[in-house]
Amino acid sequence: MSASKLQESGEVRIAHTLHTKEDEFVFERRKTVFQSLQELKIYCSEDAVPNIALLGSGGGQRAMVGLLGSLVQLDKAGLLDCILYLSGVSGSTWCMASLYQEPDWSTKLETVKNKIIRRISGPGVRWGNALAKLKKYYYGKDHFSLTDVWAVMIVTEYVKEIDECKLSDQWDQHNKDPFPIYTVIDKQYKQCKDEKDPWFEISPLEAGYSLTGAFVETSSFGSQFDNGSKKKLQDEMDMLYLQALCGSVLADGDEIRKFLCVFMFVHYVFSSKDPNASHAENSYQVLMDLVNMNLTVLNGKDPSALDQSIRKTLNELSGGKHMDFPTEKLNLTDKQAAKLCIKQYTKDMCHNLRSWFSFWPFGRLNCLICRCMVQWIWGRKYDFLQNMNDESIPSTLLKSETRDYEDTGLFMNSPYFSVLRKERNIDLIISLDFSDGDPFMTVREAAEMCEKLKIPFPEVNIPSEDVEKPKDFYVFKGTNTPTVIHIPLFNVVNCGDDIETWSNKYRTFQVPYSAEMITELMEVAGKNISNNREKLLEQIGAAVRQKGHN
């Protein structure tokens, strides 16, 4: 079956080519870029128009606001129409989701910006609406996970809305905007040391593995497939869920982060005015003990004390009535058997919680959330490559019924590999780095990974003194590689000697920013563009000349 027919039928597409509609978009968008270059007095033939990708790193609301401020200044500088692709990780995708709500947003960015700021600095989503949305997720899909809870509990706290639009529906509304690419990673793939492509991209057209070249139409991502044919339809995820999928920063966290997430969830659930709220503390203790038990077993330690604590607490809650506890003894010397045993223990315990305690706020839903938490299940979807027979696809992707997807920032906090696909033929990458900590980690990691995978990428050398005091503009060039511009958010140019102060003020994990903080951060991020307009023009011109010579 031809690639075009595969695309039309909604079946799986395996090919190192662009989707037909993306090809058509690129052809038309390059005309816009050509016109923009003429207006900037960068003259070239249409064939010499460079393919330019703008990347937004992760960084929670700091990245969301920082990307918005950067785009506003790119627009004022007359550079926004030079961008072919806009790709994001984590918090940057929250900004993208807000922008792409508006048809042809880049033609009216000042108005769209003001609308976004009013929303994210305003009141949050009401409890009743959030609970109704969580129930919708629960009843509307085969695989419920912590990503659904995260969407309702955390993402709405920052984006201040429940966006139920679908990404695929946006396709014909953005003829004048850059092509959007949202990114996540395949958790199981990431954990396989020998595997090379955990990077997973989601566009309005298709979702799939960037380097492997295996895709499915976005409207069908999440549906069940067998040998490339759709077996069971699932509704396309909405934009709120997509933002949670991309921004699930705790999905692979350490023990402290797990407990933090558990605490936030339980506080959220039991903050409702439930008539049986007096049970909340003991119910919380059961959940915490279950999480602790799973962590203890994974670390090869005896969980019997926690088991006894759970039994005691549940006996108190049940008034001493008979309960059928799992009794199988753990063999900690057999790690795999121990994992399976604690997994079954958790399932049994959550099942019994549902039947024992009707007072839990969400009934069956609450117990399912408990199971997801103790097993740490995030972003679970049907594997659209299951049972396919294709030697070009790693066997691990062909055998599993489900895959788990999570925040790309847990592996690499910038979406380089979505635009490093050979078929996208990128000439210039503008990387906006909103990361916490080392301002050069993302570009260094990208260079190291590209060297390992034999993907063309320039050598990255950073002066040692710049690590603590980064400048606001770096250019990395190589032979037969894309040029990479790297722009750290906080630097000595826009922050002076107060980089640490700014970093502490705009941390990744904190309450939503006030309107004043949002305005201030947008200004700081915008300076990285306005202060470097001439340098950006110089590198765009260099990319034109380089392409013209090839």
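The rules we used
- Residues numbered from 1 in each chain as written.
- Predicted model: local features only at pLDDT ≥ 70, side-chain atom pairs only at ≥ 80, totals over all residues.
- Heavy atoms only, no water.
- Helix = DSSP H or I, 4+ residues; strand = E, 2+ residues; numbered from the N terminus.
- Buried < 20%, exposed > 50% of the residue type's maximum accessible area, 1.4 Å probe, protein only.
- Contact = heavy atoms within 4.5 Å.
- Pairing = 2+ DSSP bridges.
- Right-handed = clockwise from strand over helix to strand, strands pointing away.
- Axes fitted to C-alpha atoms, helices over the stretch in contact; angles between N-to-C directions.
- Parallel < 35°, antiparallel > 145°, perpendicular 65-115°, else oblique.
- Left-handed = near helix turned anticlockwise from the far one by under 90°.
- Nonpolar A, V, L, I, M, F, W, Y, C, P; charged D, E, K, R; others polar.
- Core = buried A, V, L, I, M, F, W, Y, C linked by side-chain atoms within 4.5 Å.
- Phe/Tyr/Trp six-rings, centres within 6.5 Å; stacked < 30°, edge-to-face > 60°.
- pLDDT = per-residue confidence, 0-100.
- Expected span 1.5 Å × (residues − 1).
- Bend = angle between axes of the 7 residues up to and from the residue.

As recorded in an unreviewed UniProt entry, the chain goes by the name PLA2c domain-containing protein, listed as coming from Cyprinus carpio.

Secondary structure assignment for the chain yields 21 helices and 14 strands. Burial statistics for the chain: of 550 residues in total, 59% are counted as buried. Summarising the internal contacts of the chain: among those between residues at least 6 apart in sequence, 72% fall at separations of at least 24.

Our focus in this paragraph is the pairing of strand 2 (residues 52–56). The buried fraction of strand 2 is high, at five of five residues. The side-chain alternation of strand 2 yields two buried faces, one formed by Ile 52, Leu 54 and Gly 56 and the other by Ala 53 and Leu 55. Here five bridges tie strand 2 to strand 12 (residues 428–433), and the two strands are oriented parallel to one another. By the bridge assignment, Ile 52 is partnered in strand 12 with Leu 428. Strand direction decides the pairing type here: strand 2 and strand 3 (residues 85–88), joined by four bridges, are parallel. Looking at strand 3, one finds that Leu 54 is bridged to Leu 86. Following the chain from strand 2 across helix 3 (residues 60–76) to the adjacent parallel strand 3, one finds a crossover that is right-handed.

What follows concerns the packing of helix 3 against helix 20 (residues 515–530). It is at 7 Å that the axes of helix 3 and helix 20 come closest, and there the two elements cross at 50°. Taken together, the axis directions place helix 3 and helix 20 in an arrangement best described as oblique. Judged by the twist between their axes, the crossing of helix 3 over helix 20 is right-handed. Residues Arg 62, Val 65, Gly 66, Leu 68, Gly 69, Ser 70, Val 72, Gln 73 and Leu 74 of helix 3 form the contact with helix 20, whose own contacting residues are Ile 518, Leu 521, Met 522, Ala 525, Gly 526, Ile 529 and Ser 530. Residues belonging to the contact of helix 3 with helix 20 are distributed by class as follows: nine nonpolar, six polar and one charged.

Let us now look at unusual backbone geometry. If you check the backbone angles, Asn 227 has positive phi at about 55° while not being a glycine. Position of Asn 227 among the secondary structure elements: in the loop between strand 8 (224–226) and strand 9 (229–232).

Time to look at the nonpolar core. Of all hydrophobic cores here, the largest spans 111 residues; its most connected members are Leu 71, Leu 99, Tyr 182, Ile 202, Leu 385 and Ile 430. With ten residues, helix 7 (residues 146–159) is the largest single contributor of residues to this core. Here Ile 430 is in contact with Ile 52, Ala 53, Leu 54, Leu 55, Ile 83, Ile 485, Ile 487 and Leu 536, once residues within four sequence places are set aside. Counting 33 residues, the second largest nonpolar core, distinct from the first, contains Leu 18, Leu 205, Ile 426 and Ile 455.

Mapping Val 493 onto the fold places it in helix 18 (residues 492–495). Apart from the residues within four sequence positions on either side, Val 493 is in contact with Asp 472 and Asn 531.

Once that is clear, we can look at the packing of aromatic side chains. Under the defined criterion, the tally for this structure stands at 24 aromatic pairs. When the centroid spacing of 5.8 Å and the interplanar angle of 20° are considered together, the rings of Trp 94 and Tyr 158 count as stacked. With Trp 94 in helix 4 (residues 91–99) and Tyr 158 in helix 7, this residue pair connects regions lying 64 residues apart in the sequence. Considered together, Trp 94 and Tyr 158 belong to a single accessibility category, that of buried residues. Aromatic ring contacts, followed pair by pair, group Phe 200, Tyr 209, Phe 221, Phe 384 and Tyr 405 into a single cluster.

In this section: the side chain of Thr 212. The topology assignment puts Thr 212 in the loop between strand 6 (206–209) and strand 7 (214–217). Exposure remark for Thr 212: the relative accessible area of 9% places this residue in the buried category. Setting aside chain neighbours within four positions, we find Thr 212 in contact with His 16, Tyr 189, Asp 197, Ser 392, Ile 393 and Pro 394.

Glancing now at the confidence of the model for the chain. Where the model shows low pLDDT, its predicted coordinates should not be examined in detail. Per-residue pLDDT for the chain averages 86, and the proportion of residues at 70 or more is 83%. Predicted confidence for residues 1–9 stays below pLDDT 50, and this span has 14 contacts to residues more than four positions away or in other chains.

A few words now on helix 2 (residues 20–39). Given a rise of 1.5 Å per residue, 20 residues ought to cover 28 Å, and the 30 Å separating the end C-alpha atoms of helix 2 matches this to within 8%. Among all positions in helix 2, only Glu 22, Phe 25, Val 26, Arg 29, Arg 30, Val 33, Phe 34, Ser 36 and Leu 37 are buried. Tucked inside the fold, the buried residues of helix 2 contact strand 3, strand 4 (179–186) and helix 21 (533–549). Just beyond helix 2, the residue with positive phi is Lys 41, at close to 65°.

A few words on helix 7. Compared with an ideal rise of 1.5 Å per residue, which puts 14 residues at 20 Å, helix 7 spans 18 Å between its outermost C-alpha atoms and is within 8% of the ideal. Taking the largest bend as the criterion, helix 7 deviates by roughly 30°, centred on Val 152. Buried residues dominate helix 7, accounting for 13 of its 14 residues. The positive-phi residue at the C-terminal boundary of helix 7 is Lys 160, with phi of around 60°.

Take the pairing of strand 6 next. For strand 5 (residues 199–202) and strand 6, the ladder comprises three bridges, and the chain directions are antiparallel. Bridge pairing in strand 6 places Phe 200 opposite Tyr 209. Hairpin geometry of strand 5 and strand 6 is characterised by an intervening segment of three residues between the two adjacent antiparallel strands. Across four bridges, strand 6 lies against strand 7 in antiparallel orientation.

As for its placement among the helices and strands, Val 72 is situated in helix 3. Judged by its relative accessible area of 6%, Val 72 is buried. The spatial distance from the C-alpha of Val 72 to the C-alpha of Val 112 is 10.0 Å, given a sequence separation of 40 residues. Apart from residues lying up to four places away in sequence, Val 72 is in contact with Leu 109, Glu 110, Lys 113 and Met 522.

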